[in-house]
Number of protein chains: 2
Amino acid sequence: MSSDHVGPTVPPEETLPPTEINPSTLPGFTCGLDATLRVISGKWKPLILYFVAQDGPTRYGALRRAVRDVSDKMLIQQLKELEADGLVKRTDYKEIPPRVDYSLTPLGRSLAEALVPLCSWGTENMAEVARLFEERDTSSRNLRRNGQLST
Amino acid sequence: MSSDHVGPTVPPEETLPPTEINPSTLPGFTCGLDATLRVISGKWKPLILYFVAQDGPTRYGALRRAVRDVSDKMLIQQLKELEADGLVKRTDYKEIPPRVDYSLTPLGRSLAEALVPLCSWGTENMAEVARLFEERDTSSRNLRRNGQLST
DNA sequence: CTATGCACTTACCAAAAGGTGCATACTTGT
DNA sequence: ACAAGTATGCACCTTTTGGTAAGTGCATAG
């Protein structure tokens, strides 16, 4: 915790500081958050970013094994986008059995750091989130089984 | 390719997938970040969360005007999910011209705070992000204009 | 000689996400 | 009377996203 925060790590004091919407005519980002979201939207991107941040240069295969359930297509695709967006750097060693690894650029590293609080939040509230999800899932399952219920 | 097999839509029936992961018990979060992402994935959710965090109880109409380009359908939908996930609270005043407002639950408030660094990151790197996006967009546009791949 | 792993690539598809527009029930303003 | 505003619901449709399965070229293990 730091003393000078850009944000409002204020107590239950309600209402965060007035971060007004930026009606700028740039690419049309409504605010910083919006800009960030454009870059990390993608099912696996935050995870990839975070993983590479932890392990430093990571080989494709290792990444694939680490990010469970990701397919080659997806992993490659997201990796390419992250690369195009200047967040990760791809290094091809041009060796005979292919050897490539991915690392973060400074920009990527800073973004990964901004991701930390989200990670912490998830860790701290995981039980709560899991519970809420179960409720939601079971209720929707019931809805499906019974057809629809009207009022 | 065999000439006797062209079935595109094969009803997989109940071929009990070899998936050992049981989603019915725990959502199977791989890490905190994963858990968080399940809750805020949605084009407008982080934005909604952030706006409501800033403005305190916010009426539907105000929110809609604040989050630009969002449609009624989307806004309502995401709001409902956020509510189901225990992040926002909906208050219906049951008045004749409909009057409803949305506020954050403590959980929602804490998540909104975890979002702050992302917001800052975006603000700080907005120019950079905008630049990279322009590059990417123009190059892909050129690819499209100059012809497709394969036939 | 075949299998396997590496790092991808491609084609094809299904599902989810998102958008548009009309409808509702009621009130207030013109 | 009529338009507009309020907070949604719903049907229909397009776009985006994600997944599967196969293939590629090379090299080493068996």
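The residue count restarts for each chain, going from 1 along the sequence in the order it is written. To read the labels, note that chains go from A and ligands from 1, taken in the order they are written. In keeping with the model being predicted, local features are shown solely for residues with a pLDDT of at least 70 and side-chain atom pairs are shown and tallied solely at 80 or more, while totals for entire chains, interfaces and linings include all residues.

1. A short note on the relation of the copies chain B and chain A
Each copy superposes on the other: chain B lies on chain A with an RMSD of 0.1 Å after a rotation of 180 degrees and an axial shift of 0.0 Å. The transformation just described matches what one would write down for a two-fold rotation axis. When C-alpha positions in chain B are compared against the rotation axis, the closest is assigned to Pro117(B), at 3.8 Å. This entry defines residue contacts through backbone-placed C-beta atoms, with two residues in contact when those atoms are within 7 Å. A symmetric contact is evident, with 83% of the interface residues of chain B recurring at the interface of chain A. Least squares is the method for superposing the copies, and the C-alpha atoms it fits come from residues with pLDDT of at least 70 in both.

2. Structural notes on the nonpolar core
A set of buried Ala, Val, Leu, Ile, Met, Phe, Trp, Tyr and Cys residues, joined to one another through C-beta atoms within 7 Å, is what we call a nonpolar core. Counting other C-beta atoms within 10 Å of a residue's C-beta gives its exposure: the residue is buried at 20 or more, exposed at 12 or fewer, and partly exposed in between, where C-beta atoms are placed from the backbone. Grouped together as the largest cluster of nonpolar side chains are 60 residues, with contacts concentrated most on Ile48(A), Leu49(A), Leu115(A), Ile48(B), Leu49(B), Tyr50(B) and Leu115(B). In contact with Leu49(A), other than residues within four places in its own chain, are Leu82(A), Leu87(A), Gly108(A), Leu111(A), Ala112(A) and Leu115(A).

3. Notes on the protein's contact with DNA strand D
The environment of DNA strand D is formed by 19 residues, the closest being Lys43(A), Ser71(A), Gly61(B), Asp72(B) and Pro98(B). Put simply, DSSP H or I for four residues or longer makes a helix, DSSP E for two residues or longer makes a strand, and each gets a number counted from the N terminus. Looking at the surface near DNA strand D, the elements with two or more residues in it are helix H4 (72–84) of chain A together with helix H3 (60–66) and helix H4 (72–84) of chain B. Gly counts as polar in this scheme, as do all residues outside two lists: the nonpolar Ala, Val, Leu, Ile, Met, Phe, Trp, Tyr, Cys and Pro, and the charged Asp, Glu, Lys and Arg. Of the residues in the surface near DNA strand D, the class split is nine nonpolar, three polar and seven charged. Placing a C-beta atom from the backbone of each residue, we mark the residue near a molecule or strand if the atom is within 6 Å of it.

4. Describing the interface of chain B and chain A
Contacts between the two partners involve 47 residues from chain B and, on the opposite side, 49 residues from chain A. Counting residues per element, the ones that place at least two in the side of chain B that touches chain A are helix H1 (32–40), helix H2 (45–55), helix H5 (106–124) and helix H6 (126–146) of chain B. With 15 residues, the top contributor of residues to the side of chain B that touches chain A is H5(B). Residue composition of the side of chain B that touches chain A, by class: 29 nonpolar, 11 polar and seven charged.

5. Some remarks on the sheet that holds strand E2 (residues 88–92) of chain B
Residues and elements named next belong to chain B. Two strands pair if DSSP finds at least two bridges between them. With antiparallel pairing, three strands are arranged side by side in an open sheet as E1-E3-E2. The open sheet is flanked by strand E1 (58–59) and E2, the only strands paired with a single partner. Against the sheet, H2 touches E1, E2 and strand E3 (100–104), its axis set at about 95 degrees to E3. Note on method: axes are straight lines fitted to C-alpha atoms, helices fitted across the in-contact stretch only, with angles between N-to-C directions ranging 0 to 180 degrees.

6. Thoughts on the confidence of the model for chain A
Residue and element names in this part refer to chain A. As a per-residue measure, pLDDT reflects the predictor's confidence and takes values from 0 up to 100. Across chain A, the average pLDDT comes to 77, with 72% of residues at 70 or higher. When the criterion is pLDDT under 50, residues 143–151 qualifies, and its contacts beyond four places in sequence or with other chains add up to two contacts. With a pTM of 0.76, the predicted complex shows an ipTM of 0.76.

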